[in-house]
Amino acid sequence: MKFAVLVFPGSNCDIDCFKAVEDTIGQEVDYVWHTATDLSGYDAILVPGGFSYGDYLRCGAIAQFAPVMNEVVKAAEAGKFVLGICNGFQILTEAGLLPGALLRNTGMKFICRQTPLEVVNNATAFTNQYAQGEVINIPIAHGEGNYYCDDETLARLEANNQIVFRYAGDEHNPNGSLRNIAGVSNERGNVVGMMPHPERAVNQLLGSEDGKRMFTSILNAWREQHGAAVNG
């Protein structure tokens, strides 16, 4: 399996994503610059966190027009796995690959801390190694993570089981997100965006290793899709 980690001017979690793939599942992984015009050689695309293009206008608003995003759209339409983390989530919503939008945190401050998340949907390519309803510990680091969508979109997300993660209870909602939503998928389930950083939770030295199973889930889903035996 081969991963692409996109790199925009201002990305700062690209190295974390690269190392997480190497350290957790040992698969091939490349950095791919924002000017790239071909992602056909990759099975999964990671859109990392950071401050793409300095977050001018609003988070992800400029990155959506990068040449590589045309290829991300093609990859998503082809059924490949696309994971957007933090700024990557913002970019995917701006590009129309995921519903909703990310607004300023209700407290109007940047928040960086460990946060308990509930796994709401463990049937995606990114969560199949978690238990339904399991609470995991994943760090956040954002100033604009307040998930919002209109009532019609929310009803559709709930009906289609597209809410993948929630902050585990109102008391743990750090940013005012609607219904405590921390991550969503597209209808097909092959594109997921989340504000918390699983790539920063792959070793107990970092405070949690609960993010490791995001990466083992992707590998497991790819092997099942390709009819390969899954190693333990």
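Small disclaimer: the values here were computed from a predicted structure and weren't measured.

Quick notes on the rules
Residues numbered from 1 in each chain as written. Predicted model: local features only at pLDDT ≥ 70, side-chain atom pairs only at ≥ 80, totals over all residues. Heavy atoms only, no water. Buried < 20%, exposed > 50% of the residue type's maximum accessible area, 1.4 Å probe, protein only. Helix = DSSP H or I, 4+ residues; strand = E, 2+ residues; numbered from the N terminus. Polar contact = N/O pair within 3.5 Å; in protein donor to acceptor, adjacent residues only side chain to side chain. Contact = heavy atoms within 4.5 Å. Salt bridge = Lys/Arg side-chain N within 4 Å of Asp/Glu carboxyl O.

Remarks on helix α3 (residues 87–94)
Within α3, seven of the eight residues are buried, which leaves the element mostly enclosed by the surrounding structure. Within the sequence span of α3, burial applies to N87, G88, F89, Q90, I91, L92 and T93. Remark: G96 follows α3 within two positions and exhibits a positive phi of approximately 80 degrees.

As for the side chain of H197
The residue H197 is located in the loop between β11 (191–194) and α5 (212–225) in this model. Among the polar contacts made by the side chain of H197, one reaches the side chain of E199 at a distance of 2.7 Å. The contact partners of H197, leaving out residues within four places of it in the chain, are C13, G49, I85, C86, I138, P139, I140 and A141.

Considerations on the pattern of salt bridges
With the rule as written, the count across this model stands at 10 salt bridges. The closest approach of N and O atoms between K19 and E22, which form a salt bridge, is 3.1 Å. Highlighted residues: K19 and E22, both in helix α1 (residues 14–24), separated by three residues, approximately one helical turn. E94 is paired through a salt bridge with R58; the nearest N and O atoms lie 2.7 Å apart.

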